[in-house]
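Observations on the model geometry
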Amino acid sequence: MKRIVYLVIILLVLNYVRTSFIYYKDPFIDCKIRIATSFEFSNKTIKAGMRALKFGQPEVYKEVCAKVKIIDTATACGGFGGGCYRPGTEGRIYVSTAQGAVLESAAIIVHELCHLKQQEEGRPFEENECYAADDVIFSELAQFEP
Ligand SMILES: [Zn+2]
């Protein structure tokens, strides 16, 4: 009997870790994005960035939820404090932010969403459009930063 209780507790803890760290979820609009962990452990920053987007730019937020499946926090291609989108990796964007850089993570998410849309629409990658998109996020969300 004791074993079963321990097992249930362990499963509950694992499930809590899984849902609170590995996934960003918003049940109100059926949003579920996996956040792939890297050594930066910036999952909480990514989540805070998503919440900032939700309240500051709800339409953009809904687009992120609809199109992005995985936010990978690896620094692989964008370098530190950057991001990237690789053609062919549908729904996966790379976002590298320091812990606590909420506004930056929101802006990079939107920048990479822009590239994802360019690819979906069969357009060439164009940086100016995507920098303009993340500029809007910086100016619109600045008021939310503590
Ligand atoms: Zn870019």
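Reference entry: report on the structure contained in this document. (Residues numbered from 1 in each chain as written. Predicted model: local features only at pLDDT ≥ 70, side-chain atom pairs only at ≥ 80, totals over all residues.)

Let's talk about the overall build of the protein chain
In terms of helices and strands, the protein chain carries 5 helices and 5 strands. Principal axes of the C-alpha set define a box for the protein chain whose edges measure 60 × 35 × 30 Å. Residues classed as buried in the protein chain amount to 33% of the 146 residues present. Residue pairs at least 24 apart in sequence account for 54% of intrachain contacts in the protein chain once pairs closer than 6 positions are excluded. (Helix = DSSP H or I, 4+ residues; strand = E, 2+ residues; numbered from the N terminus. Buried ≥ 20, exposed ≤ 12 C-beta atoms within 10 Å, placed from the backbone. Contact = placed C-beta atoms within 7 Å.)

Here we look at the nonpolar core
Where a protein is soluble and globular, its nonpolar side chains tend to be buried together. Ranked by size, the top nonpolar core spans 31 residues in total, and within it Ile93, Ala106 and Ile109 carry the most contacts. Those elements giving two or more residues to this core turn out to be strand E2 (31–36), helix H2 (43–56), helix H3 (58–67), strand E4 (83–85), strand E5 (92–95), helix H4 (102–120) and helix H5 (127–141). At 10 residues, the largest contribution of residues to this core is made by H4. Other than its neighbours up to four places away in sequence, Ala106 contacts Gly49, Ala52, Leu53, Ile137 and Leu141. (Core = buried A, V, L, I, M, F, W, Y, C linked by C-beta atoms within 7 Å.)

Examining H5
Given a rise of 1.5 Å per residue, 15 residues ought to cover 21 Å, and the 21 Å separating the end C-alpha atoms of H5 matches this to within 8%. Turning to H5, its buried residues number three or more, namely Cys130, Asp134, Ile137 and Leu141. Around the axis of H5, the buried residues are gathered within 45 degrees of arc, so they sit on the same side. Opposite the buried face of H5, at more than 90 degrees from it, the exposed residues are Asn128, Ala132 and Ser139. (Expected span 1.5 Å × (residues − 1). Arc of directions from axis to C-beta.)

Notes on the sheet that holds E4
Strand order in this open sheet of 5 strands is E1-E2-E3-E5-E4, and the pairing throughout is mixed. Where the open sheet ends on each side, the last strands, each with one partner, are strand E1 (23–26) and E4. Direction aside, neighbouring strands of the sheet carry axes that sit 20 degrees apart on average. Where E1 lies against E2, 4 bridges are found, and the strand directions are antiparallel. (Pairing = 2+ DSSP bridges. Axes fitted to C-alpha atoms, helices over the stretch in contact; angles between N-to-C directions.)

A closer look at unusual backbone geometry
Leave glycine aside and you will find that most residues have negative phi; peptide bonds, for their part, are mostly trans. Look at Asp30: it is not a glycine, yet its phi comes out positive at around 55 degrees. On the secondary structure map, Asp30 appears in the loop between E1 and E2. In this structure Asp30 comes out as exposed when scored by C-beta crowding, with 9 C-beta atoms within 10 Å.

A short note on the packing of H2 against H4
Two numbers describe how H2 lies on H4: the axes approach to 8 Å, and their chain directions differ by 75 degrees. When the axis of H2 is compared with that of H4, the two are roughly perpendicular. Between H2, through Thr45, Ile46, Ala48, Gly49, Ala52 and Leu53, and H4, the contact on the second element is made entirely by Val102, Leu103, Ser105, Ala106 and Ile109. Considering only residue class, the contact of H2 with H4 consists of 8 nonpolar, 3 polar and no charged. (Parallel < 35°, antiparallel > 145°, perpendicular 65-115°, else oblique. Nonpolar A, V, L, I, M, F, W, Y, C, P; charged D, E, K, R; others polar.)

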